[in-house]
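So the chains spell out like this:
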Amino acid sequence: MTELRTLKVALLGCGNVGAQVARILIEDADTLAARAGAKLQLSGIAVRDVHAKRDVDLPQDLFTTDADTLVKDADLVIELMGGIEPARTLILSALRNGACVVTGNKALVAQDGPTLHEEADKAGVQLSYEAAVAGAIPILRPIRDSLAGDRITRVLGIVNGTTNFILDQMDTTGAQFADALAEAQRLGYAEADPTADVEGHDAAAKAAILASLSFHTRFALENVHCEGITSVTAADIAAAKDAGFVIKLLAIAEKLPAAGTDADGGEGVSVRVHPTLLPREHPLAAVHGAFNAVFIEAENAGELMFYGQGAGGTPTASAVLGDLVSAARSLVLGGPGRTETTTGQVSALPIDAAVTSYYIGLDVADQPGVLARIAQLFAEHGVSIEIMRQTIHRDAESNVESAELRIVTHRASEAALAATVEAVKGLDVINSVTSVLRVEGV
Ligand code: NAP
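Nothing here was measured: the structure is a model prediction, and the numbers come from that model.

### Observations regarding the domain arrangement of the protein
Working step 1: One can read the domain layout of the protein as domain 1 (6–132 + 314–333), domain 2 (140–311) and domain 3 (354–439).
Working step 2: Taken together, the contact pairs 17 residues of domain 2 with 13 residues of domain 3.
Working step 3: Surface buried jointly by domain 2 and domain 3 totals about 1300 Å² across both partners, of which 57% is contributed by carbon and sulfur atoms.
Working step 4: In this structure, the connection of domain 2 to domain 3 is made through four salt bridges.
Working step 5: Glu227 is the salt-bridge partner of Arg438, the closest N and O atoms lying 2.8 Å from each other.
Working step 6: Run the count over domain 2 and domain 3 and you get three residue pairs in polar contact (both at pLDDT 80 or more).

### Some remarks on the packing of helix α4 (residues 87–96) against helix α5 (residues 106–123)
Working step 1: Running from N to C, α4 and α5 point in directions that differ by 15°, and their axes come no closer than 9 Å. The angle between α4 and α5 places the two elements in the roughly parallel class. Considering the relative orientation of α4 and α5, their crossing is right-handed. Facing Ala87, Arg88, Ile91, Leu92, Leu95 and Arg96 of α4, the residues of α5 in contact are Leu108, Asp112, Thr115, Leu116, Glu119, Ala120 and Ala123.
Working step 2: Per-class residue counts for the contact of α4 with α5 are eight nonpolar, one polar and four charged.

### Digging into the side chain of Ser435
Working step 1: Structurally, Ser435 can be placed in strand β18 (residues 430–439).
Working step 2: Using a relative accessible area of 9% as the deciding quantity, one classes Ser435 as buried.

### Considering the packing of aromatic side chains
Working step 1: A full pass over the atoms with the stated rule returns two aromatic pairs.
Working step 2: Taken together, a centroid distance of 4.6 Å and an interplanar angle of 35° make the contact between Phe165 and Tyr189 tilted. Residue Phe165 is located in helix α7 (residues 161–173), and its partner Tyr189 is located in the loop between α8 (177–186) and α9 (195–198); the two are separated by 24 residues in the primary sequence.
Working step 3: Between Phe291 and Tyr307 the ring centres are 5.2 Å apart and the planes differ by 5°, which places this aromatic pair in the stacked class.

### Quick look at the UniProt feature "binding site: NADPH" (unreviewed entry) in the protein
Working step 1: In the UniProt entry, the feature "binding site: NADPH" (unreviewed entry) is given for Lys106.
Working step 2: When you line up the elements, Lys106 lands in helix α5.
Working step 3: Apart from residues no more than four positions distant in its own chain, Lys106 is found in contact with Ala132, Asp202, Ala205, Lys206 and Ile209.

### Quick word on the site of the ligand
Working step 1: In the vicinity of the ligand lie 21 residues, with Cys14, Val17, Asp49, Arg54 and Gly312 positioned nearest.
Working step 2: Contact distances for the ligand include 3.2 Å between an oxygen atom and a backbone N or O atom of Gly15.
Working step 3: At a separation of 3.0 Å, an oxygen atom of the ligand approaches a polar backbone atom of Asn16.
Working step 4: Relative to its unbound accessible area of 910 Å², the ligand is 77% covered by the protein chains.
Working step 5: Considered class by class, the residues forming the shell around the ligand number nine nonpolar, eight polar and four charged.

### Observations regarding the packing of α5 against helix α10 (residues 201–214)
Working step 1: Running from N to C, α5 and α10 point in directions that differ by 50°, and their axes come no closer than 9 Å. On the basis of the axis angle, α5 is oblique to α10. Both α5 and α10 take part in a crossing whose hand is left-handed. Contacts from Lys106, Val109 and Ala110 in α5 reach Asp202, Ala205, Lys206, Ala208 and Ile209 in α10.

### Re the environment of Ile139
Working step 1: With respect to the helices, strands and loops of the structure, Ile139 is situated in the loop between β6 (127–128) and α6 (140–146).
Working step 2: Distance in space between the C-alpha atoms of Ile139 and Arg438 is 25 Å, their sequence separation being 299 residues.
Working step 3: Residues within four places of Ile139 in sequence aside, it is in contact with Glu130, Val133, Ala134, Leu210, Val294, Ile296 and Phe306.

Rules behind the numbers
Residues numbered from 1 in each chain as written. Predicted model: local features only at pLDDT ≥ 70, side-chain atom pairs only at ≥ 80, totals over all residues. Heavy atoms only, no water. Domains from an automatic or database assignment. Contact = heavy atoms within 4.5 Å. Buried area = accessible area lost by both parts, 1.4 Å probe. Salt bridge = Lys/Arg side-chain N within 4 Å of Asp/Glu carboxyl O. Polar contact = N/O pair within 3.5 Å; in protein donor to acceptor, adjacent residues only side chain to side chain. Axes fitted to C-alpha atoms, helices over the stretch in contact; angles between N-to-C directions. Helix = DSSP H or I, 4+ residues; strand = E, 2+ residues; numbered from the N terminus. Parallel < 35°, antiparallel > 145°, perpendicular 65-115°, else oblique. Left-handed = near helix turned anticlockwise from the far one by under 90°. Nonpolar A, V, L, I, M, F, W, Y, C, P; charged D, E, K, R; others polar. Buried < 20%, exposed > 50% of the residue type's maximum accessible area, 1.4 Å probe, protein only. Phe/Tyr/Trp six-rings, centres within 6.5 Å; stacked < 30°, edge-to-face > 60°. UniProt positions renumbered as here; feature names shortened; annotations may be inferred. Near = heavy atom within 4 Å. Areas by Shrake-Rupley, 256 points an atom, 1.4 Å probe, with all protein chains shown as cover.

Right, dumping it as structure tokens:
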């Protein structure tokens, strides 16, 4: 048997994910060599503090603070430091040196993906980032490779475990957002500063990456409309539950006819992150706790769902090592490193052009003819009603009756819905609009 060649692997970062990657690289060296067709030799680990206590026992002589030198001498570079700099500079330097790069850095890929891909293409090496979206779940490679012969029409993803945990807690226990967040923090599902998760920024970076690969067009972070979950109340969740829905924070990328936004009548892609009502029987409604899942609709494949752990050191390391073996194979076989196609010519649509169903909660006066007036107003704005349900309340003190009205619409444009809600607010029989939430999967 011929001796396998050795490829030098530089690891940048040894935190939650990096430490597990280092452990598996050492423990499973023989298996990984057999699968890659080359020995993967961990040549060093760049960190800030070489003496810090690590989750895993690793040879002390592997650690260095000199990431620049480590990168210069590597065939494969794994970036697991996070943040924009120095990760960006180190990745660009690795690619320019002809090394393949594997990263889990969603923020960097969403912000600077085009520059990184350009550099990788120039050098003819692989740049891969399976771990950047939905942790352990193989989702980017299936979109890029397995579905390369199909046309994806829609992607719906639960891609942030923290917010899924919080919404699931609110749904199962009736808790308010603040209490569910505190519980998530106590259990280690949410950071002390949860802003990036609860405001939807983390999911937005993943939405940009999913949309770019699904529609073969580069979508930047600013193309993603982003709303978090901080304004979702226990009352919203209870009302949704009562109507047969569950509320999830979804990353959505879908192809729409770009009527009114594109002079040529071409297609556009709406990329957005917002709390969304899903029917309880939708496959994504069964994704509980901190789990992630991505639901894809493609012209030929139909509906597909990918489910699993969206975070955690060892699960995420699985995705990193999958990318590493694939990159090593490309070096052994000497194939091209192209990882992304941008042949799609679709434009990013503004949020006004998004088309979806809506749930609207209204507190109305309990008077004859109210339902008819509201229904007529919706019709005048071209928004058709699928379900309208009324519940009567009597205030114990004043003895005044009011009605709670719950409306689910057919698919309508965001602009038409916004105009309808404004007009509804102007009716003298409306006490308040209690909620307006988007609905998918009906
Ligand atoms: P982490 O626990 O914070 O670890 C970061 C590591 O990078 C630490 O070892 C740190 O060194 C090192 N580092 C940071 N800045 C550095 C610098 N300027 N120079 C040298 N070393 C530096 O991060 P993580 O949770 O493992 O995440 C790593 C990446 O994977 C991030 O991009 C994250 O978004 C992504 N990711 C994480 C998960 C997850 O479940 N954690 C899931 C999917 C993707 P010291 O240890 O010396 O401080």
